[in-house]
Every structure is written in C-alpha cells, then in structure tokens.
Amino acid sequence: MQMELQLTPQAYKAVEQEFDVRRGYAKQLIEARRVFQRRAQMKAEALGEAGFIKFAALSGSECPDLCARIREELDGGTDRTLALEILARVFTPEIDREIISYFGSEYAPIEAGFFETRPDEPVEATDAWHCGAGPSRFLRVMVCLTGSAKDGPATLFCERPITAPLKEAGYVYCQLENRVVDLNSLTDALGLERAVVVEMDVEPGDTIIFDSPGILHRRLLPKHEPRYVMAATLIPTMISWRQVTDAGVLPLPPGTGFPPLPGFAEEG
Ligand SMILES: [Fe+2]
C-alpha cells in the first residue's frame, strides 16, 4: 500500500532559524570555537563519523545503588550533585577528546536528569523515528544504569547517511503525527535506500553519547522491568564544563529544552 506523506520539504530550516539564529546557539558555537584553546587535543573519531559512541563509564556493580538513589529523586527533582558526579566519570580524557572533536570547542551540560521508564508507559512521539529538535549541534548523553539483556535496547539508531535525505524530504522535524516506526515504508515511499538500523545493547554502567540532531533514533520501551537512565544534553561553550557548572546555573532540570541564550530573544 502506498504511504500517504504530508511532509514539508526542508522543514529543518525553520528549526535552524529558531534555535541557531533566534535563540543564539549558532553564534555561541562560532564564539566557542573562536576562543577554544585545546585544538591540539582534538581527534576525528567515532562520534563525528558514526554519530554515536558507547563505552563503559560506570561499573555494573555500582548501578543497583544508583538506581535506588534515582528512585528517591524522581519526585523531588534532580540531585544536581549526583548528576555532576556521574558526568565527571563520563568525561574521561578519551571521551572528552571525542566531545571536543564533535563541537570543535569546550562543552557543558545544559540539562541533566534521571529517568525511570516503565514497560507499561504509553507510547510517545519519541518512540517513532526522529532527530532531536534544537540547535544544529548538540549531544545527548545516556548513562544506562540497567542493561538491555532482558529488557531490550533503549534506543535504536540509524546509520548516518539516511539523515540528510530525510531532512531534505521534510521527514526530520515533521508534524508529530507524521512520524513513523517502520522506516522502510517511509524510505520506500520516498524512493530512498533503506536505512541500516543499529540496535545498541548495553550492560549496566554503559554510556551512549549521540549526535541527537544529526542521527535518526527512536526509543524502545523496556520489555519487563523499569529502566533507569541519567540523561544529559551537551552544548558548545566558551569555558570548560567545570567552570560552567561551578557557576551554579547549569545543568538545568530535565525538559527545559534550549532557552534563548543571554542577549537573545526571550521566548513567547
Ligand atoms: Fe530523541
């Protein structure tokens, strides 16, 4: 059966206009790159190429305790100290090099939070294929505190080549009701090659960092048990993440999105 498509070609341009231009994120990226002092440490590696990396950030044996702490946090907001402790473990010298190579600059968490995902949750728009809406360059960090052995992977990724044609066709940043779970029906209808989907299995303590605006992905609900994750969003900054977070404003609570940067249009 032919799919009925109601896509606005190049819908991504409106998203660029909103976040990069109106809210100031493109200017911040340029300025962050201009003042960057650690260019010699950059290396063009996996994150920039594939759009996602996975590594063991925490040991599996410490995850049950962290899950218990997170369960206590869920109603009372994010424990900022715990979030920063975990991020400090994620940003090893090797991972730091991956991140600075992606941005070409220093970086900091604009938001961070802890999440419980239950098997019986209603399906949401993030469960269909999408790219993260926001500035052209940002990263999502997912510190997985439960593994995928019994409950399946949390996120599916598409290999990068499919993102550009689906941005041009207007699938990326389309209306939520036009998002699809079956990507083959979409690429077939658009006359594009079928995308290669990567299912990333994780052990407790594994961390995934991915180019959310640059790579199509979708969430999968856990099959049996609740899943626990600490997630953070990284943006380019002029000073190091330690200096940014020591100033006490970032990271913002989860779900804040990308507010206008100082000196740029207020929302509304
Ligand atoms: Fe997403």
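For the structure itself, look to the data block above.
Calculation rules
- Along each chain, residues carry numbers from 1 onward, in the same order as the chain's sequence is written.
- Two thresholds apply to this predicted model, a pLDDT of at least 70 for residue-level local features and 80 or more for giving and counting side-chain atom pairs, whereas whole-chain, interface and lining totals are computed over all residues.
- For the purposes of this analysis, a nonpolar core is taken to be any set of buried Ala, Val, Leu, Ile, Met, Phe, Trp, Tyr and Cys residues that are connected through C-beta atoms within 7 Å.
- Any residue with 12 or fewer other C-beta atoms within 10 Å of its own C-beta is exposed, any with 20 or more is buried, and the rest are partly exposed; the C-beta atoms used are placed from the backbone.
- Placing a C-beta atom from the backbone of each residue, one calls two residues in contact when those atoms lie within 7 Å.
- Every helix listed is a DSSP run of H or I at least four residues long, and every strand listed is a run of E at least two residues long, numbered separately from the N terminus.
- Two strands qualify as a pair provided DSSP detects at least 2 bridges between them.
- Helix axes are fitted only over the stretch in contact, all axes being lines through C-alpha atoms; the angle between N-to-C directions runs from 0 to 180 degrees.

Caption draft 1: Geometry of the nonpolar core. With 63 residues, the main nonpolar core has V143, L145, M230 and L234 as its most contacted residues. Here V143 is in contact with A57, L58, I86, V90, T207, V229 and M230, once residues within four sequence places are set aside.

Caption draft 2: Molecular detail of unusual backbone geometry. Each neighbour pair has its own omega, and for L250 with P251 the value is 0°, a cis peptide bond. As for its placement among the helices and strands, P251 is situated in the segment after helix 9 (241-246). Residue Q10 is not a glycine yet carries a positive backbone phi of 60°. Residue position: Q10 is located in the segment before helix 1 (12-22).

Caption draft 3: The arrangement of the pairing of strand 8 (residues 227-237) in detail. Strand 8 sits mainly inside the fold: ten of its eleven residues count as buried. Sheet topology places strand 2 (residues 106-117) next to strand 8; eleven bridges connect them, and they run antiparallel. For F115, the partnering residue across the bridge sits in strand 8 and is V229. Pairing between strand 3 (residues 139-144) and strand 8: six bridges, direction antiparallel. Within the sheet, the bridge partner assigned to V143 lies in strand 8 and is M230.

Caption draft 4: Spatial organisation of the sheet that holds strand 7 (residues 217-219). Taken together, the three strands give an open sheet; going across it, the order is 5-4-7, and neighbouring strands pair in antiparallel fashion. Here the strands that pair on one side only, and so sit at the sheet edges, are strand 5 (197-199) and strand 7. If you compare each strand with its neighbour and ignore which way they point, the axes differ by 20° on average.

Caption draft 5: Representation of the sheet that holds strand 2 within the structure. Here five strands make up an open sheet; going across it, the order is 1-6-3-8-2 and the pairing antiparallel. Either end of the sheet is taken by a strand with one partner, and the two such strands are strand 1 (52-56) and strand 2. With strand direction ignored, the average angle separating the axes of adjacent strands in the sheet is 20°. Seen against the sheet, helix 2 (residues 25-34) touches strand 2 and strand 8 and runs at an angle of roughly 70° to strand 8.

By themselves these figures say nothing about function.
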